Structures are given as C-alpha cells and as structure tokens.
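Here are the chains, one letter per residue:
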Amino acid sequence: MTLLVLDLKDLAKYPFLKESQEYVSKRAPSFEQFIQSNYGRSVLNRAGERVIAAIRQKKEGPEESLQDAENDLFSYGLARVIVSCIGERGVTERHARFEAARVYRFLSEERPELRTFVINQVGLDPSTNRLRVTEYVELAASLRDDRWRLVNRILDHGWVQLEPGDLEELLREKIRVILQRQLPLPVTKELCTTIAPVLSAITASYQEQILQQFGEVDESCFPPCINALITAITAGTNIPHQGRFAITAFLNAIGLTVQEIVELYCRAPDFDVEKTMYQVDHITGGRGTEYTAPSCATMRTYGFCIQRESLCEHVNHPLNFYLIKKKKGEKEKEISTPGSVSPQKPPQRDEKERDTGD
Ligand code: SF4
C-alpha cells in the first residue's frame, strides 16, 4: 500500500481535513498572539477577502488561491472565526457554499489517490452507486432539480440508487453540509472585538449585497401565496402560525425592517403590538437565529400555495418568484423608456443557487 503524503498545498486545498487542522494548531497555538503579529494580520486580510468573495458569490480558481499555501490554510480557519462572530445565517450559508465549491474544484482536478482519500474522509465511497435514504434526503434537500426528489428515485431496501454523475453533485453538497454543520464556532466576545473592524466591513458588504439583490420593495411583485396571506390578515382572518411565519420571513428576506413588518400586522383587527414585535423579532434573527422563508414545497404542505400565476410553474421558492417578476418588470420599464438606465444592479447570482433552503 502506498503511503499518502500531504504537502502544504494539499492541506491548503482541503483545510477541513484533520491533518490540516493539526498543522494549524501546531503552528499557531494561540489565536490572540497570532492575530497581533504582522503575519497574523496579513492572514486576517486574506480571511476577510475570502468571506467577502463568499458573500459576493464569486468563484475562486486555483490561480487566486494557493499563491501562499500556508497563508491560505490559516485564512480558512480565520474566515470561520469571522463568520461565527458575525452570526448571520445568510453569511454562514454563503461561506459554506463558497468553501465547498472551492474544495470541489480542487477535487475535480486532483490526483486519484488524494481524491479518493478526501472523498473517504467526508464519508462517501467514490465507487458506490447507492446511498442510504437518510443520507440521500439530507444531501438532496437543497438541490432544486426535480430529479433529486425521492419520488423520482429508485428505492431498494432503504437505499437510493444513484445515476452516473449524481455522486459528484452529492459530494459537493456533502462538503457543504459538513462545513456548515460545524458553524458557528464557539467564539468569545473578546475574540470578536479583536477583529471588529474586519467584521464591520464584511457586515456592510453583506447588507449591500442584500440590497442589490432585492432592491426597493415592490408589493406588485409579491407571489400569490404571500398576497393571499396578507389579504387574509388585513381582512381579520385568523391565519395559522405558519402563515405569519411565512409572511414575516419573506418580508424580512426582501429587506423590510422589523418596524415595517409589524406595521403590516397592525392592519389586523386582533393586532397586539408587543406580541407581534416579539414574534417578528424572533423570526428575523433578533434573538440569534434568523429563519429562512419557506420554499414552495413547504408552502404547499401548509396549504398556502394557490399558484394563481403562470410564473408559479417555473419557481420553487416564493423569493424566486418575487425576484424574477421584479426583474421582468424592470426590463420592461427599460424597454418602454429608451435611453433610461436601471438604478439597480441585477441579482448577482443564479436563481437556482439562492440561499432559500428551509
Ligand atoms: S408556487 Fe410558490 S410562489 Fe407560487 S403560490 Fe405556490 S408557493 Fe407561492
């Protein structure tokens, strides 16, 4: 059996491996001291760039990474500290997706023995053509294409049969799930204070991204399900908790403030300002966890999906409905007023890859 030797570049390419983490803890046992050093500060800069690239949904190829493999390896850990201090679910998700995509890109060009080693380390068998149902469901949950739905799969005694190429996509998901599951790290307030300027710059960049993605709120682009729920509330109908949750999470995602969301509820005859403030604050992340708006599949199970517009047939998330309709409206406006310039940048990202899993 050939002994696999990992060099510094290998460790930097796959920084979540036990071997990589051991290297980091040997070379930088004290975070506080490390971050005060000149070298620590240069790594912090690289870590900040890494998180910003994740927020902006950029892709980093091998040419941008690994110019300084050790710096790159350290910056992975620091990027996770940054994300943990920020504590914003959207940032964590983007970070995990970015890092998983990066690992996946390296893996696709990797020498066979290292590729097999890494795939085994994440708990998959590179030669398999089936997965346990429980694992399959966890990994396929955020894959949007219908072919991933369990009803479209062959099941055999608790195993799901895989088609050629499936394992590749599931591998990327598996890496993402592992990276995300380990977050947030248990960071102290003191530690976060040490890197506060970097955190502020990144938080500002994230807010900017959200604003660019959704732009001004346009009620005329709300999907039928959300419109129906809002109408029901306004008419004084007692809608179930899941309905209030769906509206709140949706409005929060498109950029309404807590105050603006509460104002919507005050149209309801049974409006209780304190109770509403508490619930809205809770759903929008005021108590530490920001909840994601439910997908069409979830809306369907609650009976909220009324699919009154043809666009509904092409989306799997009410937020995608909103974005697509809004973009379409903006394009039409541009065409009808020749020479006009759109005040907003278009969303930066493929609709399929949006952070809308629930
Ligand atoms: S398909 Fe989606 S967007 Fe359309 S009404 Fe149903 S849940 Fe809402």
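In case you missed it, the structure is sitting above this.
Now for a description of the structure that goes with this document. Treat the numbers as computed from the prediction; the structure is a model and nothing was measured.

Here's the deal with helix α14 (residues 258-265)
Consideration 1: Ile261, Val262, Leu264 and Tyr265 are the residues of α14 that are buried. Projection of α14 onto a plane perpendicular to its axis shows the buried side chains occupying an angular sector of 150 degrees, all on one side.
Consideration 2: Buried residues along α14 sit against α12 (224-234), α13 (241-253) and α15 (273-283).

A look at unusual backbone geometry
Consideration 1: Here the bond from Leu183 into Pro184 is cis, since omega is 0 degrees, no more than 30 degrees from zero.
Consideration 2: A positive phi angle, close to 50 degrees, is found at His157, a residue other than glycine.
Consideration 3: Its place among the elements puts His157 in the loop between β2 (155-156) and β3 (159-161).
Consideration 4: Taking the relative accessible area as the measure of exposure, His157 reaches 75% and is therefore exposed.
Consideration 5: In the Ramachandran plot, Gln307 falls in the positive-phi region, its phi being about 40 degrees despite a non-glycine side chain.
Consideration 6: Note on placement: Gln307 falls in the loop between α16 (296-302) and α17 (318-336).

Examining the nonpolar core
Consideration 1: Grouped together as the largest cluster of nonpolar side chains are 58 residues, with contacts concentrated most on Leu78, Ile82, Ile247, Phe250, Leu251 and Ile254.
Consideration 2: When residues in this core are grouped by element, the largest group, eight residues, is from helix α5 (residues 69-86).
Consideration 3: When residues of this core are sorted by domain, at least three fall in each of domain 1 (8-121 + 184-208) and domain 2 (219-353).
Consideration 4: The contact partners of Ile254, leaving out residues within four places of it in the chain, are Phe214, Gly215, Val217, Phe222, Leu319 and Tyr322.
Consideration 5: With 35 residues, the next largest nonpolar core counts Leu66, Ala100, Tyr104 and Ala140 among its residues.

What counts and how
Residues numbered from 1 in each chain as written. Predicted model: local features only at pLDDT ≥ 70, side-chain atom pairs only at ≥ 80, totals over all residues. Heavy atoms only, no water. Buried < 20%, exposed > 50% of the residue type's maximum accessible area, 1.4 Å probe, protein only. Helix = DSSP H or I, 4+ residues; strand = E, 2+ residues; numbered from the N terminus. Arc of directions from axis to C-beta. Contact = heavy atoms within 4.5 Å. Core = buried A, V, L, I, M, F, W, Y, C linked by side-chain atoms within 4.5 Å. Domains from an automatic or database assignment.

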